[in-house]
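What the coordinates show
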Amino acid sequence: MSRLSRITADASVCHGKPVARGLRYQVQMLLELLASGMSVDEVLDVLTITPIWSGTIYLRRWSLGALAARPYGESRCRYKGNATG
């Protein structure tokens with residue numbers, strides 16, 4: 001299997017930008033992290049450990065009722081009025 005076969009571009013995923021197959025990590029973001037001076041190991045830590053911890057924290061807060069359930073796509077903005085008051 002070619003390493004390039006792990007990169008896909010699909011119009012329905014991340015607006016058609018090239019991503020790591022099955023992960024939705026944009027190639028551009030990965031290259032920017034490496035260009036900023038991060039090592040491959042550091043990038044892997046960010047991409048694997050951080051989402052796992054974030055997910056567990058979210059689940060914990062949701063289970064405690066700290067996060068209100070929202071229908072998909074509903075804005076998180078609490079302000080409902082118009083700009084003029």
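Residues numbered from 1 in each chain as written. Predicted model: local features only at pLDDT ≥ 70, side-chain atom pairs only at ≥ 80, totals over all residues. Heavy atoms only, no water.

**Observations concerning the overall build of the chain**
Short version of the rule: Only runs of H or I of at least four residues qualify as helices and only runs of E of at least two qualify as strands under DSSP, and these elements are numbered from the N terminus. The buried label applies to any residue whose accessible area, calculated with a 1.4 Å probe on protein chains only, is under 20% of its type's maximum; exposed applies above 50%, and partly exposed to all values in between. The contact definition used throughout considers only heavy atoms, calling two residues in contact when any of these lie within 4.5 Å.
Scanning the chain from terminus to terminus reveals two helices and two strands. In sequence order, the chain lays out its α and β elements as β-β-α-α. Within the chain, buried positions represent 8% of all 85 residues. Sequence separation of at least 24 residues holds for 2% of the intrachain contacts in the chain that already meet a minimum separation of 6.

**What about unusual backbone geometry?**
Located in the positive-phi region is Cys14, a residue other than glycine, with phi close to 50°. Inspection of the secondary structure puts Cys14 in the loop between β1 (7-8) and β2 (19-20). Backbone geometry places His15, a non-glycine residue, at a positive phi of 55°. Note on His15: relative accessible area 76%, which makes it exposed.

**Some points on a nonpolar patch on the surface**
As a reminder of what qualifies: In this scheme, patches are assembled from residues that exceed 30% relative accessible area and form no salt bridge. Like charges are connected within 9 Å, while nonpolar side chains (Val, Leu, Ile, Met, Phe, Trp, Tyr) are connected within 5 Å. Note on areas: Shrake-Rupley with a 1.4 Å probe; residue coverage comes only from the protein chains shown. Every case where a carboxyl oxygen of Asp or Glu lies within 4 Å of a side-chain nitrogen of Lys or Arg is listed as a salt bridge.
Residues Leu31, Leu34, Val40 and Leu44 make up a contiguous nonpolar surface patch of about 360 Å² in total accessible area. Mapped onto the nonpolar patch, the elements with two or more residues apiece are α1 (27-35) and α2 (40-63). Relative to the helices and strands, Val40 is located in helix α2.

**Some details on the confidence of the model for the chain**
Here is the rule: Confidence of the predictor at the level of single residues is given by pLDDT, which spans 0 to 100.
Of all residues in the chain, 74% have pLDDT values of 70 or greater, and the mean over the chain is 75. No element of the chain has a lower mean pLDDT than α2, at 79, and none a higher one than α1, at 90. Scored below 50 in pLDDT, residues 77-85 makes zero contacts in the model with residues more than four places away or belonging to other chains.

**Details of the layout of surface pockets**
Think of a ball as big as a water molecule: rolled over the atoms, this probe shows where empty space is left. This is how the line gets drawn: Only protein atoms enter the 1 Å grid used here. Points where a 1.4 Å probe fits but cannot escape make up a cavity, open sets with protein on both sides within 12 Å along at least five of seven lines make up a pocket, and a residue lines them when an atom lies within 4 Å of a point. Grid points are joined across faces, edges and corners, and a volume is the space filled by probe spheres set on the points.
Taken as a whole, the largest pocket spans an internal volume of roughly 520 Å³. Lining the largest pocket are 16 residues, and of these Ile7, Ala20, Leu30, Val40 and Leu44 lie nearest its centre. Of all the elements in the fold, those that place two or more residues in the lining of the largest pocket are α1 and α2. Looking at which element gives the most residues to the lining of the largest pocket, the answer is α2, with five residues.

**As for the environment of Val43**
Relative to the elements of secondary structure, Val43 occurs in helix α2. Judged by its relative accessible area of 7%, Val43 is buried. Setting aside chain neighbours within four positions, we find Val43 in contact with Leu30, Leu33, Leu34 and Met38.

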